[in-house]
Amino acid sequence: MKNKVNYLAVLTFFIIAVLLRYLTNKTDLLNGISSGFIKIILQGISPTIAALAVFALFKIKPVLTLKGTTATS
């Protein structure tokens, strides 16, 4: 069975991820945070937030396993 790619979901993911990355790295949004570790975490979490937003927005059920989703021969 071949899965169809939802290009709108992919585009939405990239827009959200890039926007959040821009806001955390190129603006003064995180200047009030004194901990360097917390700043780094918040600067790098953009793809995760974008993925969760796309899952919720498009009602996509993520399929996650430790061995992946490919069939073994």
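The model shown is predicted, which means the values in this text are computed figures rather than measured ones.

**Some thoughts on the overall build of the chain**
- The helix and strand tally for the chain stands at 3 helices and 0 strands.
- Starting at the N terminus, the α and β elements of the chain follow one another as α-α-α.
- Expressed as lengths along the three principal axes of its C-alpha atoms, the size of the chain is roughly 50 × 25 × 15 Å.
- Sequence-distant contacts, at least 24 apart, represent 54% of the contacts inside the chain between residues at least 6 apart.
- Summed over its atoms, the accessible surface of the chain is roughly 6400 Å², and 68% of this surface lies on carbon and sulfur atoms.

**So, the environment of Leu 11**
- On the secondary structure map, Leu 11 appears in helix H1 (residues 7-26).
- For the pair Leu 11 and Val 54, spaced 43 residues apart in sequence, the C-alpha separation works out to 9.7 Å.

**A closer look at the environment of Phe 37**
- Looking at the element boundaries, Phe 37 is found in helix H2 (residues 36-44).
- Given a relative accessible area of 59%, Phe 37 falls into the exposed group.
- Along the sequence, Phe 37 and Ile 16 sit 21 residues apart, while their C-alpha atoms lie 23 Å from each other.

**Some thoughts on the packing of aromatic side chains**
- Within this structure, the stated rule accounts for 1 aromatic pair.
- For the pair Phe 13 and Phe 14, a centre-to-centre distance of 5.4 Å together with 70° between the ring planes defines the contact as edge-to-face.
- Residue classification places Phe 13 among the partly exposed positions, given a relative accessible area of 23%.

So, how was this worked out
- Residues numbered from 1 in each chain as written.
- Predicted model: local features only at pLDDT ≥ 70, side-chain atom pairs only at ≥ 80, totals over all residues.
- Heavy atoms only, no water.
- Helix = DSSP H or I, 4+ residues; strand = E, 2+ residues; numbered from the N terminus.
- Contact = heavy atoms within 4.5 Å.
- Areas by Shrake-Rupley, 256 points an atom, 1.4 Å probe, with all protein chains shown as cover.
- Buried < 20%, exposed > 50% of the residue type's maximum accessible area, 1.4 Å probe, protein only.
- Phe/Tyr/Trp six-rings, centres within 6.5 Å; stacked < 30°, edge-to-face > 60°.

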